[in-house]
Amino acid sequence: ASLTKVMSMFLVMDAVSAKRLTLDEKIRITPAASKVGGSSMHLRNGERVAVRQLLTGAAVASGNDAITALALRVGGNERQFVRAMNQKANSLGLKRTEFKNPTGLPAAGQRTTPRDMATLTRTYLRSHPGAQTFHSTRVFTHRTRQMSNTNSLLGSVRGVNGLKTGWTVASGYNLIVTAQRGGTRLIAVVMGGTSRNARDAMAERLIEAGFDGGGDPKKIRRSMGYRR
């Protein structure tokens, strides 16, 4: 689902680092982006929107329109961008991940695992620590429309500062969550949740167990209630 956007944003930030575009560059929104469907930051055909704003819209509102506009700018077309996504996945050792589009909208053969998503997120934030700003934004506004972050753990669980939600009928409710307390940083991934509340509750349990366990897998499993 929309956890896919982490890889898409990774490639956009790579392009920014390589000076192939800037965060302040304004991208003209095409019909291909404005009409993509699903979660949206409500872009209009023909308007020009800064890369920075599009990244925020992709992270906060999970805007399929925003990430499509960015993918077309960086990749030239969607097919070439998706090819770059899978090349990046292979280079990072994401052996059980295959992307079919930049949005995470349902597509046959699109797949991943929690471990691969955790690896992706860790590398993404190490490569582009400034990207955390997009994912920690709780509310943003585009053309007077105010949108709240789809990650409800922001502001409700101590230390949570990102990162990305996702949902489709086939995948269920998914979440990558990042958190920091003192010098300890954690990434937790929940996939296949039966509801938003169940997903968020499990993510919170993982985060609390991670901090309580101090990095010791056995202590973390005990904190989660597992006997072994």
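Residues numbered from 1 in each chain as written. Predicted model: local features only at pLDDT ≥ 70, side-chain atom pairs only at ≥ 80, totals over all residues. Heavy atoms only, no water.

Draft legend 1. Quick look at the environment of A15. Relative to the helices and strands, A15 resides in helix α1 (residues 4-17). Residue A15 is classed as buried on the basis of its relative accessible area, which comes to 1%. For the pair formed by A15 and V74, sequence separation is 59 residues and the distance between their alpha carbons is 7.0 Å. Apart from the residues within four sequence positions on either side, A15 is in contact with R20, L21 and V74. (Helix = DSSP H or I, 4+ residues; strand = E, 2+ residues; numbered from the N terminus. Buried < 20%, exposed > 50% of the residue type's maximum accessible area, 1.4 Å probe, protein only. Contact = heavy atoms within 4.5 Å.)

Draft legend 2. Expanded view of the sheet that holds strand β7 (residues 184-193). Here three strands make up an open sheet; going across it, the order is β5-β6-β7 and the pairing antiparallel. Either end of the sheet is taken by a strand with one partner, and the two such strands are β5 (160-168) and β7. Going across the sheet, the axis of each strand differs from the next one's by a mean of 5°, ignoring polarity. Sheet analysis places strand β6 (residues 172-181) next to β7, joined by eight bridges and oriented antiparallel. For T178, the partnering residue across the bridge sits in β7 and is I187. (Pairing = 2+ DSSP bridges. Axes fitted to C-alpha atoms, helices over the stretch in contact; angles between N-to-C directions.)

Draft legend 3. Structural view of helix α5 (residues 78-91). Helix length check: α5 (14 residues) gives 20 Å between terminal C-alpha atoms against 20 Å at 1.5 Å per residue, within 8%. Listed in full, the buried residues belonging to α5 are F81, V82, M85, N86, K88 and A89. Relative to the axis of α5, the buried residues are bounded by an arc of 155° and lie together on one face. Facing away from the buried side of α5 by more than 90 degrees, the exposed set consists of R79, Q87, N90 and S91. Residues of α5 that are buried make contact with α1 and α4 (64-75). Looking one or two residues past α5, G93 carries a phi angle of roughly 80°, positive in sign. (Expected span 1.5 Å × (residues − 1). Arc of directions from axis to C-beta.)

Draft legend 4. View of helix α8 (residues 196-213). Taking 1.5 Å of rise per residue, 18 residues should cover 26 Å, and α8 covers 26 Å from first to last C-alpha, within 8% of that figure. Of the surrounding secondary structure, the elements contacted by the buried residues of α8 are β5, β6, β7 and α9 (217-223). Positive backbone phi, at 60°, marks G214, one or two positions downstream of α8.

Draft legend 5. View of the layout of surface pockets. The volume enclosed by the largest pocket comes to roughly 690 Å³. A118, L186, I187, A188 and V189 are the residues nearest the centre of the largest pocket, which is lined by 26 residues in total. Of all the elements in the fold, those that place two or more residues in the lining of the largest pocket are α6 (114-127), β6, β7, α8 and α9. Per-element accounting of the lining of the largest pocket gives the leading share, six residues, to α6. (1 Å grid on protein atoms, 1.4 Å probe; cavity = no way out; pocket = protein on both sides within 12 Å on 5 of 7 lines; lining within 4 Å. Points joined across faces, edges and corners; volume = space filled by probe spheres on them.)

Draft legend 6. Focus on the packing of helix α3 (residues 51-60) against α4. At a minimum axis separation of 7 Å, α3 and α4 run at an interaxial angle of 135°. On the basis of the axis angle, α3 is oblique to α4. Seen along the crossing, α3 lies across α4 with a hand that is left-handed. Residues V51, L54, L55, G57 and A58 of α3 pack against A66, I67, A69 and L70 of α4. The residue inventory of the contact of α3 with α4, partitioned by class, reads eight nonpolar, one polar and no charged. (Parallel < 35°, antiparallel > 145°, perpendicular 65-115°, else oblique. Left-handed = near helix turned anticlockwise from the far one by under 90°. Nonpolar A, V, L, I, M, F, W, Y, C, P; charged D, E, K, R; others polar.)

Draft legend 7. Region of the structure containing the side chain of H128. Of note, H128 is situated in the loop between α6 and α7 (132-136). Among residues more than four places away in sequence, those in contact with H128 are F10, M13, D14 and S17.

Draft legend 8. The arrangement of the pattern of salt bridges in detail. Under the counting rule described, the total for this entry stands at seven salt bridges. In this structure, D24 engages R52 in a salt bridge whose closest nitrogen and oxygen atoms are separated by 2.9 Å. You can see D24 sitting in the loop between α1 and β1 (26-28) and its partner R52 sitting in helix α3, a full 28 residues away along the chain. (Salt bridge = Lys/Arg side-chain N within 4 Å of Asp/Glu carboxyl O.)

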